[in-house]
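Reading the structure
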Amino acid sequence: MNPLMEMVDQNGRLNYNNLVRFIKQTGVEFFTSYTNRPFLVGKELYEGLFTKVQVQFTATKTILVSKNDINDTVCFQRELNSQKDQEENSSISRAIFLMKKKPFSKGLRNVISVGRTVDSDMVIADYSISKAHAEVTIYFDKFFLTDLDSTNGTSLDDVYLEPHKKYDMAPGSTVAFGRLAFRVMTAEDLYKMLR
C-alpha cells in the first residue's frame, strides 16, 4: 500500500498537513520511493512558505539585514504558524497536486487532464480555468504540457503556449493555468522544501 497515494484526493490534490506529517516521519529515500511523478506546487506555497531573510554575522550576535545590504547569505524561516495561516493553506494557490491519472479516468493512461470539472485528473476549481484546460503527457521520464485552447491560456516559464502543441515541462519550471501559477517539483525537491 502506498501512503502517498492515499493522501491524494479525488481532485489530484494532496492534503498539506498529512503530507508534512508524513515527510517528518520519513527519510528522503523512503519518500521518493513512493513516486517518480513530479508535483505541481502552488505559487503561494513555493514562494510564501519560507521568507527569505538576509543574515549578517558579528562576533556576538546575528543581525537580520535587508536584501540591499552587502551580505547575501539567505536564511529560511517557516511562516505557517497561526490558525488563520493554516486555514488559508487550503486555497488553490497553496495546493500541491501529484501528476497522476485518476482511477477509471477516460483517455490514454499517459495523458493527465487538467481542468475545472470533476472529469479532469487534476481538478483546479477556479474561474480562470477552462473545463478542459490543459494536458500533461508522460513519455517515460519526460513530461510535456499542452494547452487545449483554454480561454485564459497556459504559460510555461512566463511564455504563453500555442494551443495543441507539446512543450517540455522540466522540474523547476513554472506553469500557469489562467491566473494560477505552480512550480513543477520532483519528490526530492518537495521533500526538502517541506522538511
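These figures come from a predicted structure and were not determined experimentally. (Residues numbered from 1 in each chain as written. Predicted model: local features only at pLDDT ≥ 70, side-chain atom pairs only at ≥ 80, totals over all residues. Heavy atoms only, no water.)

Leu19, Phe31, Phe39, Val41, Ile96, Leu190 and Leu194 are the most contacted members of the largest nonpolar core, which has 25 residues in total. Here Leu190 is in contact with Leu19, Ile23, Phe31, Phe39, Val41, Ile96 and Met185, once residues within four sequence places are set aside. Core analysis: the next-biggest nonpolar cluster, separate from the first, contains 24 residues, Ile92, Val136, Phe143 and Val184 among them. (Core = buried A, V, L, I, M, F, W, Y, C linked by side-chain atoms within 4.5 Å. Buried < 20%, exposed > 50% of the residue type's maximum accessible area, 1.4 Å probe, protein only. Contact = heavy atoms within 4.5 Å.)

The next point concerns the sheet that holds strand β10 (residues 154–156). The strands that make up a sheet pair up through hydrogen bonds in the backbone, lying either parallel or antiparallel. Ordered in space as β5-β1-β14-β13-β10-β11, the six strands form an open sheet in which the pairing is antiparallel. Each end of this open sheet is capped by a strand with a single partner; those strands are β5 (96–98) and β11 (159–160). Here strand β1 (residues 39–42) pairs with strand β14 (residues 180–185) via four bridges, running antiparallel. The residue bridging Gly42 from the neighbouring strand is Phe182, located in β14. (Pairing = 2+ DSSP bridges. Helix = DSSP H or I, 4+ residues; strand = E, 2+ residues; numbered from the N terminus.)

Moving on, we come to the packing of helix α2 (residues 16–25) against helix α6 (residues 187–194). At a minimum axis separation of 10 Å, α2 and α6 run at an interaxial angle of 90°. Classed by the angle they form, the pair α2 and α6 counts as roughly perpendicular. Contacts from Tyr16, Leu19, Val20 and Ile23 of α2 reach α6 at Leu190, Tyr191 and Leu194. (Axes fitted to C-alpha atoms, helices over the stretch in contact; angles between N-to-C directions. Parallel < 35°, antiparallel > 145°, perpendicular 65-115°, else oblique.)

Helical periodicity: at 3.6 residues per turn, an α-helix aligns residues three or four positions apart in one direction. Listed in full, the buried residues belonging to α6 are Ala187, Leu190, Tyr191, Met193 and Leu194. Looking down the long axis of α6, one finds its buried residues gathered within 165° of arc, a one-sided arrangement. (Arc of directions from axis to C-beta.)

Turning our eyes to something else, we now look at the packing of aromatic side chains. Enumeration over the complete set of coordinates arrives at nine aromatic pairs. Ring geometry for Phe31 against Phe39: centres 6.4 Å apart, planes inclined by 15°, an arrangement best described as stacked. As far as the burial class goes, Phe31 and Phe39 line up, both buried. Measuring from ring centre to ring centre gives 5.9 Å for Phe97 and Phe182, while their planes differ by 75°; the resulting arrangement is edge-to-face. Of the two residues, Phe97 sits in strand β5 while Phe182 sits in strand β14, which places them 85 residues apart along the sequence. Note on accessibility: Phe97 and Phe182 belong to one class, buried. Clustering of aromatic rings is evident, with ring pairs tying together Phe22, Phe30, Phe31, Tyr34, Phe39 and Tyr191. (Phe/Tyr/Trp six-rings, centres within 6.5 Å; stacked < 30°, edge-to-face > 60°.)

In β1, alternate side chains face the same way, and those of Phe39 and Val41 on one face and Leu40 and Gly42 on the other are all buried. Looking at chain direction, β1 and β5 are connected through three bridges and run antiparallel. For Val41, the partnering residue across the bridge sits in β5 and is Ile96.

With mixed pairing, five strands are arranged side by side in an open sheet as β7-β6-β8-β9-β12. Where the open sheet ends on each side, the last strands, each with one partner, are β7 (122–123) and β12 (166–168). Here strand β9 (residues 142–147) pairs with β12 via three bridges, running antiparallel. Bridge pairing in β12 places Phe144 opposite Asp168.

A word on the pattern of salt bridges. Applying the stated criterion to the full structure yields five salt bridges. Asp121 is the partner of Lys101 in a salt bridge, and the nearest nitrogen-oxygen pair spans 3.3 Å. Taken together, the residues span a long stretch of sequence, with Lys101 in the loop between β5 and β6 (111–115) and Asp121 in the loop between β6 and β7 at a distance of 20 residues. With a closest N to O distance of 2.6 Å, Arg179 and Asp126 form a salt bridge. (Salt bridge = Lys/Arg side-chain N within 4 Å of Asp/Glu carboxyl O.)

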